Amino acid sequence: MRKRTVLTLIVLAVVSGAVLAQTSAPVDYLQNGFQALFYHAVRIEESFPRINPLGLAIEELAKAARVQSQAGEANLLLGLIYSHLQRPGTALGYYLEFAQLHPEAVWVQALIGDLYLEMGRLTEAERSYRLALEGSLEGESWARAHFGLGTVALERSQYAEAKESFSRALEEAQDFFAARLGLGQALYHLGEYEEAIEVLELAQLQAPRSLTMLEYLGLSYEAAGRGEQAAHTFARLEELRSAN
């Protein structure tokens, strides 16, 4: 759930546009940005290679960011775009600007935490996730913040803390594969092999071709003394690695 899709951009654009349409603020730059994002979503550049709708969207939204009444939405959209383009440092600046303009929108701290985590800045990531949880988060945002804390803890080899955070993420989002995988990894490192197997077997149903899942499932089988299942899992892992 770390990269934002073009569909996310379009949905957010439509929602933001609907809100702005109810005010007297000028919306030309934002509307131009929305329109360019739409053209990118329908892949107009494939038919007209000289057109760069995403570049046009960035240009128009940068103008909107200089208009006080449009700055919040424009910075948020620019952050989403640069996150989609896998430029976390640039995206971070826009998210931070949005957070400063709209301190009540605590959910953005989870997105900020994701970018810090992607850049390996664990201390800042943890702080952002905790700021997110101080707000009235629920549903996916609440689960993502706990998943982020679990990932930070896993990176620090704090496996008990990781187990707790991943478990809380799964309480709210039971189909959250990455959280289930993280929980399985934490349980393995804690020596709770049978519990790890139970969790990872469920994860296997969700993503049977996940290399990390198969590796930890095989290791858990092996550590639990279930040699035949471990051998079968490792064979499947090597098969998928070879295919890649």
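Our subject is the structure that appears above.
Let me begin by describing the structure that accompanies this report. Remember, it's a predicted structure, so these values are computed and weren't measured experimentally.

**Considerations on the packing of helix H11 (residues 177-189) against helix H12 (residues 193-206)**
Look at H11 against H12: their axes get within 8 Å of each other, and the N-to-C directions meet at 155°. The pairing of H11 with H12 is recorded here as roughly antiparallel in orientation. For the element pair H11 and H12, the recorded crossing hand is left-handed. Residue-level inspection shows Phe-177, Arg-180, Leu-181, Leu-183, Gly-184, Leu-187 and Tyr-188 of H11 in contact with H12, the latter providing Tyr-193, Glu-195, Ala-196, Val-199, Leu-200, Leu-202, Ala-203 and Gln-206. Counted by class, the contact of H11 with H12 contains eleven nonpolar, two polar and two charged residues.

**Topic: the pattern of salt bridges**
Taken as a whole and assessed by the stated rule, the structure comprises ten salt bridges. Close ionic contact of Arg-144 with Asp-114 constitutes a salt bridge, the shortest N to O distance being 3.4 Å. Of this pair, Arg-144 sits in helix H9 (residues 139-155) while Asp-114 sits in helix H7 (residues 108-118); the two residues are 30 residues apart in sequence, bridging distant segments of the chain. A relative accessible area of 3% means that Asp-114 is categorised as buried.

**A few points about the packing of helix H4 (residues 53-64) against helix H5 (residues 71-84)**
One way to put it is that H4 packs onto H5 with a least axis distance of 8 Å and a crossing angle of 150°. Looking at the two axes, H4 sits roughly antiparallel to H5. Note on packing geometry: the crossing formed by H4 with H5 is left-handed. Of H5, the residues touching H4 (which contributes Leu-54, Ile-58, Leu-61, Ala-62 and Ala-64) are Ala-71, Ala-74, Leu-77, Leu-78, Ile-81 and Tyr-82. Taken together, the residues of the contact of H4 with H5 break down into eleven nonpolar, no polar and no charged.

Analysis parameters
- Residues numbered from 1 in each chain as written.
- Predicted model: local features only at pLDDT ≥ 70, side-chain atom pairs only at ≥ 80, totals over all residues.
- Heavy atoms only, no water.
- Axes fitted to C-alpha atoms, helices over the stretch in contact; angles between N-to-C directions.
- Helix = DSSP H or I, 4+ residues; strand = E, 2+ residues; numbered from the N terminus.
- Parallel < 35°, antiparallel > 145°, perpendicular 65-115°, else oblique.
- Left-handed = near helix turned anticlockwise from the far one by under 90°.
- Contact = heavy atoms within 4.5 Å.
- Nonpolar A, V, L, I, M, F, W, Y, C, P; charged D, E, K, R; others polar.
- Salt bridge = Lys/Arg side-chain N within 4 Å of Asp/Glu carboxyl O.
- Buried < 20%, exposed > 50% of the residue type's maximum accessible area, 1.4 Å probe, protein only.

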